[in-house]
Amino acid sequence: MPRLTKGGACANLVKPDAAQALRDDDLPMSIDTRTAVLIAAHDAAATLDRAIASALAEPETAELCVVDDGSCDDTLAIAQGWAERDRRVIALSQANAGPGAARNAAIAATSAPWLAILDADDFLLPGRLAVLHAHAQNADFVADALMRAPEGAPTRPAAGFGEPQWLSFERFVLGNLGALRGPLDLGFLKPLMRRSFIAAHGLRYQIGLRLGEDYEFYARALGLGARFLAGGEAGYVSVERPGSLSKQHSPEDLRSLRDCDADLETLPSLSEVDRRALKRHWTSVDNRLQWRLLIEAVKRRDGPAMVRTFHTPQSALYLAARLAEQAWLRSSAWLRGRTRPSQRASA
């Protein structure tokens, strides 16, 4: 098994059959490693310089396209400044339409044979693209583990790829069930992507999704036959910042993510196993949606709306468990508050 960074997204992977396993000795270097790094940026002035600098430091970066998604700060000015200093940089702007629309614009504005997504508040460790390219010859998508780090925390250099693993459609979808604790969902991976596969299948990010747009894109690619290789040490640093867009989502965002599974289910190549995985993912997202709707209904004191959130047996069990957890946390806090005065008095 690959050595995976603690808390990394690839911790969800399952080792494939021996016949599927690819080892370092079997994989030659990609001949053409030119890569377009795509950055969708919204109000990212505080972190954009770091993201851009980390990508341009990679010898494989032939193009870097920043798409300012309707920012209210200096994001666009920073991107334009880089474009003036480095001919590889392309700075674009659009009215706020979400990360999917911004990434589609960046794909259209670049031409390198490989694509790599970089979020504006994240950065690459040195040598990351070279490691991915060393394993990309037989893959359409190749991803390393993702390292989560608080802002300002130290990071270490990227290490060897270890033993990569093929992702099937089923394993990918089941790796996105939104566990409250543990490794990140596989939809958070930031793979190196072969442009020719994306162009051949007309793949684009769904602009109606502001949550889970990567999940839908990767799942659709797998459903269309993409060879997706993942694993190894982390070379991508996902920075945890207060106010991150990945942690700010509305019930409507969750509803859109849930309902995209219905479109994925129409892919003709899917097996019954794949469709069962989609149903499990739908249920997982629906449970989270109903929890958010229940909280809002409680705040409004809307009894009928509260009842409607228990609309399936699965959501009823999930909500009952979350309510019990909240009751335990509140009662524990109340008991701690009751015991502290007596402890001070006895002292």
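Above: the structure in question.
Computed from a prediction, not measured in an experiment: that's the story for all the values here.

### Comments concerning the sheet that holds strand E4 (residues 114-117)
- Reading across from one edge, E3-E2-E1-E4-E9-E6-E10-E8 is the order of the eight strands in this open sheet, with mixed pairing throughout. For this open sheet the edge positions go to strand E3 (89-94) and strand E8 (165-167), each flanked by a neighbour on one side alone. Averaged over all pairs of adjacent strands, the angle between their axes in this sheet comes to 25°, without regard to strand direction.
- Where strand E6 (residues 141-143) and strand E10 (residues 228-230) come together, three bridges link them in parallel fashion. By the bridge assignment, Ala-143 is partnered in E10 with Ala-230.
- Along the sheet, helix H2 (residues 75-85) makes contact with strand E1 (35-41), strand E2 (61-69) and E3, crossing E3 at roughly 155°.
- With respect to the sheet, helix H7 (residues 213-223) is in contact with E6, E8, strand E9 (192-194) and E10, its orientation differing from that of E6 by roughly 130°.

### Remarks on the sheet that holds strand E7 (residues 146-150)
- What the three strands build is an open sheet, ordered E5-E11-E7; its pairing is mixed. On the outer flanks of this sheet lie strand E5 (123-124) and E7, each paired with one strand and no other.
- Across two bridges, E5 lies against strand E11 (residues 236-240) in antiparallel orientation. Bridging from a neighbouring strand, Leu-124 pairs with Tyr-236 of E11.

### Here's the deal with the packing of H7 against helix H8 (residues 251-264)
- It is the contact of H7 with H8, at a shortest axis distance of 11 Å, that shows an interaxial angle of 15°. In terms of orientation, H7 lies roughly parallel with respect to H8. For the element pair H7 and H8, the recorded crossing hand is right-handed. Judged by residue contacts, Tyr-215, Glu-216, Ala-219 and Arg-220 of H7 engage Leu-257, Cys-260, Asp-261, Asp-263 and Leu-264 from H8.
- For the contact of H7 with H8, a count of residues per class yields five nonpolar, no polar and four charged.

### Here's the deal with helix H3 (residues 99-109)
- Restricting attention to buried positions, one finds in H3 the residues Gly-100, Ala-101, Ala-102, Arg-103, Asn-104, Ala-106 and Ile-107.
- Where the residues of H3 are buried, they touch E1, E2, E3, E4, helix H6 (195-200) and H7.

### Examining the packing of aromatic side chains
- Within this structure, the stated rule accounts for ten aromatic pairs.
- Geometrically, the ring pair formed by Phe-141 and Phe-197 is edge-to-face, given 6.2 Å between the ring centres and 85° between the ring planes. Of this pair, Phe-141 sits in strand E6 while Phe-197 sits in helix H6; the two residues are 56 residues apart in sequence, bridging distant segments of the chain.
- Here Phe-197 falls in the buried class, since its relative accessible area comes to 8%.
- A ring pair is formed by Phe-141 and Phe-228, whose centres lie 5.4 Å apart and whose planes are at 20°; its orientation type is stacked. Here Phe-228 lies in strand E10 and Phe-141 lies in strand E6, a separation of 87 residues in the sequence.

### A look at the environment of Asp-286
- Assignment of secondary structure puts Asp-286 in helix H9 (residues 272-300).
- When the C-alpha atoms of Asp-286 and Asp-259 are compared, they prove to be 9.0 Å apart, with 27 residues separating the residues in sequence.
- Asp-286 has contacts with Arg-258, His-311, Thr-312 and Ser-315, leaving out every residue within four places of it along the chain.
- There is a polar contact of 2.7 Å between the side chain of Asp-286 and the side chain of Arg-258.

### A short note on the layout of surface pockets
- A volume near 160 Å³ is recorded for the second largest pocket.
- Ranked by residue count, the leading element in the lining of the second largest pocket is H9, at five residues.
- Taken together, the residues of the lining of the second largest pocket break down into five nonpolar, one polar and two charged.

What counts and what doesn't
- Residues numbered from 1 in each chain as written.
- Predicted model: local features only at pLDDT ≥ 70, side-chain atom pairs only at ≥ 80, totals over all residues.
- Heavy atoms only, no water.
- Pairing = 2+ DSSP bridges.
- Helix = DSSP H or I, 4+ residues; strand = E, 2+ residues; numbered from the N terminus.
- Axes fitted to C-alpha atoms, helices over the stretch in contact; angles between N-to-C directions.
- Contact = heavy atoms within 4.5 Å.
- Parallel < 35°, antiparallel > 145°, perpendicular 65-115°, else oblique.
- Left-handed = near helix turned anticlockwise from the far one by under 90°.
- Nonpolar A, V, L, I, M, F, W, Y, C, P; charged D, E, K, R; others polar.
- Buried < 20%, exposed > 50% of the residue type's maximum accessible area, 1.4 Å probe, protein only.
- Phe/Tyr/Trp six-rings, centres within 6.5 Å; stacked < 30°, edge-to-face > 60°.
- Polar contact = N/O pair within 3.5 Å; in protein donor to acceptor, adjacent residues only side chain to side chain.
- 1 Å grid on protein atoms, 1.4 Å probe; cavity = no way out; pocket = protein on both sides within 12 Å on 5 of 7 lines; lining within 4 Å.
- Points joined across faces, edges and corners; volume = space filled by probe spheres on them.

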